[in-house]
Amino acid sequence: MILETRNLSKSFGSRIAVDNLSLEIPEGSVFGFLGPNGSGKSTTIRMMTDLIRPDSGEVLIKGMSVQKYHQKALAGVGAFIERADFYKHLSAQTNLEMLARMDGKGFDNIPIVLKRVGLLDRANDKVKHYSQGMRQRLGIAQALLSKPKLLILDEPTNGLDPQGMKEVRDLVRELRSEGITIFISSHLLDEVQKICSHVAIIHLGQLIVSGKMDDLLAESDLFTIEVRVQPLNEAKKLLDNQDWVRRCDEINGSLFVNVSRDKLGDVTKLLVQNECRIEAVIPKTSLEDLFLSKTGLDEPQSHRGSEKK
């Protein structure tokens, strides 16, 4: 394990932000750290990067305690916390030179990281002329300056349009192929499902579930199935009237039906009994289904519609 948290806890006054949290992040993984806003993700990352101290517990990087050894433990870590914050009247090159100088580093790696994030040809442009997606990528470039083996990204796609999200996804895949372990915090379930090999879900500061993505999806108690059926409107009315159907959405001429595992067969049975013509039934298990089955929350924030289009 390249990164571990052991019984990590942190409170702010009477509010418990992180509650006895233990995580194991395998080396070489893209590890998704999920939870709704206010679940304790950013507080956990701040403790991982020694920005705040835990009330109890510790963070280990390659077996070395961050709380005991501080910067020595973080020597192989690059971090991008919440949002890219640069001097907007200066160029990307100058911003990175200032950061490198503060860390006692030379400038040799600056063109390398700018090329890696696709900004080398815009290195001398002022940051104020960058799109939000470009600023996010510049933030990742800053995190890569120290040639890290572990990259911690807090909400790297926050506020981005679909093209910006894709740019960050492609970059994460490329970095993983170069042997960098990536810990990525997000509340966008669909985005994480596309790029992560492992996932942990927390809620109210507590760990709900953690493990390999494929294994956890297979264990989900809730499923979404795509049903291609005619007549579409009649089929939707039938399913909307069933109390065991959690959700039924019409998207691009298909119905996406969310039901518990034991009700999967009842969907087709109901439609056939009512003389609807079924053309196809396709399972679409997602992180949103896993989230709902593990937490019981009504509607986690995600982009399910865009995933299925």
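The text that follows walks through the structure, step by step, so that each part is easy to find. Just so we're clear, the structure is a prediction, and the values are computed from it rather than from any experiment.

Residues in a regular strand point their side chains to alternate faces of the sheet. The buried fraction of strand 13 (residues 254–260) is high, at 6 of 7 residues. Two strands pair when backbone bridges link them, and strand 11 (residues 222–230) and strand 13 are joined in this way by 6 bridges, in the antiparallel orientation. Paired with Leu222 across the strands is Ser260, a residue of strand 13. Pairing of strand 12 (residues 247–251) with strand 13, which is carried by 5 bridges, proceeds in the antiparallel orientation. Bridge pairing in strand 13 links Glu250 to Leu255. Counted along the chain from strand 12 to the antiparallel partner strand 13, the turn is 2 residues long, and its residue Asn252 has a positive phi close to 50°.

So, on to the sheet that holds strand 14 (residues 277–283). Read from one edge to the other, the open sheet built from 4 strands follows the order 12-13-11-14, with strand pairing classed as antiparallel. Bordering the open sheet on either side are strand 12 and strand 14, each of which pairs with just one other strand. Sheet twist, expressed as the average angle between the axes of neighbouring strands with direction ignored, equals 25°. Contacts between helix 10 (residues 264–273) and the sheet are confined to strand 11, strand 13 and strand 14, with strand 11 contributing the most and set at about 20° to the helix.

Turning our attention to the packing of aromatic side chains. Per the counting criterion, the structure on display carries 2 aromatic pairs. With 5.1 Å between their ring centres and 40° between their planes, Phe33 and Phe183 make a pair best called tilted. Taken together, the residues span a long stretch of sequence, with Phe33 in strand 3 (residues 30–34) and Phe183 in strand 8 (residues 181–186) at a distance of 150 residues. Just as Phe33 is buried, Phe183 falls in that class too. Here the aromatic cluster, defined as three or more aromatic residues joined through ring pairs, consists of Phe31, Phe33 and Phe183.

A few words on the packing of helix 5 (residues 132–144) against helix 6 (residues 162–177). Two elements in contact, helix 5 and helix 6, have axes whose closest approach is 10 Å; the angle formed by their N-to-C orientations is 20°. When the axes of helix 5 and helix 6 are compared, the pair comes out roughly parallel. Handedness of the crossing formed by helix 5 with helix 6: right-handed. Residues Gly133, Arg137, Ile140 and Leu144 of helix 5 lie in contact with helix 6, whose contacting residues are Glu167, Val168, Leu171 and Leu175. Classifying every residue of the contact of helix 5 with helix 6 by side-chain character gives 5 nonpolar, 1 polar and 2 charged.

The residue after Gln230, namely Pro231, is reached through a cis peptide bond having omega -10°. Within the fold, Pro231 resides in the loop between strand 11 and helix 9 (232–240).

Turning our attention to helix 10. Of all the positions in helix 10, only Val267, Leu270 and Leu271 are classed as buried. The buried side chains of helix 10 occupy one side of the element, clustering within an arc of 95° when seen end-on. Across from the buried face of helix 10, at angles greater than 90 degrees, the exposed residues are Lys269, Val272 and Gln273. Packed against the buried residues of helix 10 are strand 11, helix 9, strand 13 and strand 14.

One pass over the structure, following the stated rule, counts 15 salt bridges. Of the charged contacts, one joins Glu4 and Arg6 as a salt bridge, the two residues approaching to 3.6 Å between their closest N and O atoms. Take Glu4: its relative accessible area is 14%, and that puts it in the buried class. The salt bridge involving Lys10 is made with Asp55; its shortest N-O contact spans 3.7 Å. Separated by 45 residues along the polypeptide, Lys10 in strand 1 (residues 3–12) and Asp55 in the loop between helix 1 (41–48) and strand 4 (56–61) bring together distant segments of the chain.

Definitions and cut-offs
Residues numbered from 1 in each chain as written. Predicted model: local features only at pLDDT ≥ 70, side-chain atom pairs only at ≥ 80, totals over all residues. Heavy atoms only, no water. Buried < 20%, exposed > 50% of the residue type's maximum accessible area, 1.4 Å probe, protein only. Helix = DSSP H or I, 4+ residues; strand = E, 2+ residues; numbered from the N terminus. Pairing = 2+ DSSP bridges. Axes fitted to C-alpha atoms, helices over the stretch in contact; angles between N-to-C directions. Contact = heavy atoms within 4.5 Å. Phe/Tyr/Trp six-rings, centres within 6.5 Å; stacked < 30°, edge-to-face > 60°. Parallel < 35°, antiparallel > 145°, perpendicular 65-115°, else oblique. Left-handed = near helix turned anticlockwise from the far one by under 90°. Nonpolar A, V, L, I, M, F, W, Y, C, P; charged D, E, K, R; others polar. Arc of directions from axis to C-beta. Salt bridge = Lys/Arg side-chain N within 4 Å of Asp/Glu carboxyl O.

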